[in-house]
Amino acid sequence: VAPNDAERNIIVWLDHRANKQAATINALGHARLRTVGGVISPEMEVPKMLWLKQKMPEAFARVSAGGKFLDLADFLSYRATDYANATRSLC
């Protein structure tokens, strides 16, 4: 985590800081988990967003103020289209 360096504050797919959050989500046993094979992985977006909300609330709040959660493919598409294409996914 680089709290004072927004350019380096990146959570990539292989990041496992959200292990606890993934376990919390899985413990709920929600029927929606069936859509991801019954178990959510810390490599998926939702546990990472929960981690960000819990560990870096100021960064999470920027999304509420107009920011975006984008996976790598979405980010590259977004940048390649001069920030015009944010519709591939809304994760």
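Quick look at the structure, then. Position numbers for residues start from 1 in each chain and track the written sequence from start to end. Where totals are concerned, whole chains, interfaces and linings use all residues; where local detail is concerned, this predicted model gives features only for residues with pLDDT of at least 70, and gives and counts side-chain atom pairs only at 80 or more. The side-chain figures draw on all heavy atoms in the structure; neither hydrogens nor water molecules are used.

**Some remarks on the side chain of Lys-48**
Here's step 1: Counting from the N terminus, the helices are the DSSP runs of H or I reaching at least four residues and the strands are the DSSP runs of E reaching at least two. Residue position: Lys-48 is located in helix α2 (residues 45-55).
Here's step 2: Whether a residue is buried, partly exposed or exposed follows from its accessible area with a 1.4 Å probe, protein chains only, as a fraction of its type maximum: under 20%, in between, or over 50%, in that order. Under the convention used here, Asp and Glu are negative, Lys and Arg are positive, and both His and the chain ends fall outside the count. The term salt bridge refers to a pairing of a side-chain nitrogen on Lys or Arg with a carboxyl oxygen on Asp or Glu at a separation within 4 Å. As a buried residue without a salt bridge, Lys-48 has its nearest oppositely charged side chain in Asp-15, at a separation of 6.2 Å.
Here's step 3: The contact rule is simple, with two residues in contact once any of their heavy atoms fall within 4.5 Å. With near-sequence residues (within four places) excluded, Lys-48 lies in contact with Ile-11, Val-12, Trp-13, Asp-15, Ala-18, Pro-42 and Glu-43.

**Considering the packing of α2 against helix α3 (residues 57-64)**
Here's step 1: Axis lines are fitted to C-alpha atoms, over the contacting stretch for helices. Their N-to-C directions set the angle, which ranges from 0 to 180 degrees. The contact between α2 and α3 brings their axes to 5 Å, and the two run at 115 degrees. Facing Met-49, Leu-52, Lys-53, Gln-54 and Lys-55 of α2, the residues of α3 in contact are Pro-57, Ala-59 and Phe-60.

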